[in-house]
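A closer look at the structure
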Amino acid sequence: MLIIFLINFYWLKVQVEVEFLMKLFEKSIKSELEGFISEGIRISMIGDSSRLPRTLQELVRDAEDRTKNNSNFQLIVAVSYSGKYDVVQACKSIAQKVKDDVIRLDDIDESLIEQELETSCTDYPFPDLLIRTSGELRVSNFLLWQLAYTRVFLRTDTLA
Ligand SMILES: *[C@@H]1O[C@H](CO)[C@@H](O)[C@H](O)[C@H]1NC(C)=O
């Protein structure tokens, strides 16, 4: 069985908090990586990684690389990710391939688009269940395409 955890880091307006979160993220990768490897956990990141500091980008790429053969669990960390962003980057990538004559216009179908979405990093891009824990009653620009047939569990009370 493959369980996918999704964590989404939002960009906060306060720079200090962003820097703090990035430091925390970097520290977590460094301290947990050996554990992930020994537990057979695969790490993947989705989202606009170009907005991360260069050292963190390299750290994440290295972690993805070193855990890419693991198949017990997959941990997908979403950083600076949104469903609309994902569709836009997929469109750009497909348009580029048409322009470069790698594919033809008629090759574009749902399956091709799914291959270009960032969730193609997992064999199970369509979650069976989305648990929204914050008390919000909306999907909030998360995995828009991928949630087409997902059951959604919304907590109407908050944990606080
Ligand atoms: C993953 O598997 C491939 C193919 O078996 C191998 O070449 C590669 O070294 C492995 N990578 C890691 C990080 O274990």
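Our structure's up above, just so we're on the same page.
Residues numbered from 1 in each chain as written. Predicted model: local features only at pLDDT ≥ 70, side-chain atom pairs only at ≥ 80, totals over all residues. Heavy atoms only, no water.

This brings us to the site of the ligand. Around the ligand, the neighbouring residues are Asp-65, Arg-66 and Asn-69. Here an oxygen atom of the ligand sits 2.4 Å away from a polar atom, N or O, in the side chain of Asn-69. For the ligand, the accessible surface in isolation is 360 Å², of which the surrounding protein chains cover 28%. (Near = heavy atom within 4 Å. Polar contact = N/O pair within 3.5 Å; in protein donor to acceptor, adjacent residues only side chain to side chain. Areas by Shrake-Rupley, 256 points an atom, 1.4 Å probe, with all protein chains shown as cover.)

What follows is about the pattern of salt bridges. A full pass over the atoms with the stated rule returns 6 salt bridges. Ionic pairing is found between Glu-34 and Arg-66, a salt bridge with its closest N-O pair at 3.0 Å. One end of the pair, Glu-34, is in helix H1 (residues 15–38); the other, Arg-66, is in helix H2 (residues 54–67), and 32 residues separate them in sequence. A salt bridge links Asp-107 to Arg-104; the shortest N-O distance between them is 3.1 Å. Residues participating in the shared-partner salt-bridge network are Glu-34, Asp-62 and Arg-66. (Salt bridge = Lys/Arg side-chain N within 4 Å of Asp/Glu carboxyl O. Helix = DSSP H or I, 4+ residues; strand = E, 2+ residues; numbered from the N terminus.)

Turning next to the side chain of Ser-80. Considering the arrangement of structural elements, one finds Ser-80 in the loop between strand S3 (73–79) and helix H3 (83–99). Relative accessible area serves as the criterion here: at 10%, Ser-80 is assigned to the buried category. Within the structure, the side chain of Ser-80 is placed 3.3 Å from the side chain of Arg-51, a separation counted as a polar contact. (Buried < 20%, exposed > 50% of the residue type's maximum accessible area, 1.4 Å probe, protein only.)

As for its position among the elements, Lys-27 is in helix H1. Residue classification places Lys-27 among the exposed positions, given a relative accessible area of 63%. Separated by 29 residues in the primary sequence, Lys-27 and Leu-56 place their C-alpha atoms 9.9 Å from one another.

For the rest of this paragraph, the subject is the nonpolar core. By size, the foremost hydrophobic cluster in this structure holds 17 residues, and its most contacted members are Phe-25, Ile-29, Met-45, Leu-56 and Val-79. Contributing elements (two or more residues each) for this core: H1, strand S2 (41–46), H2 and S3. Counting residues per element, this core draws most heavily on H1, which supplies 6 residues. Non-local contacts of Met-45, meaning those with residues more than four positions away in its chain, are made with Phe-25, Leu-52, Val-60, Glu-64, Val-77 and Val-79. Within the second largest apolar cluster, 9 residues are counted, among which are Tyr-81, Phe-142, Leu-143 and Leu-147. (Core = buried A, V, L, I, M, F, W, Y, C linked by side-chain atoms within 4.5 Å. Contact = heavy atoms within 4.5 Å.)

Looking at where Leu-144 falls in the secondary structure, it is placed in the loop between strand S4 (129–132) and strand S5 (151–154). Distance in space between the C-alpha atoms of Leu-144 and Val-87 is 8.5 Å, their sequence separation being 57 residues. With residues near it in sequence (within four places) discarded, Leu-144 still touches Gly-83, Lys-84 and Val-139.

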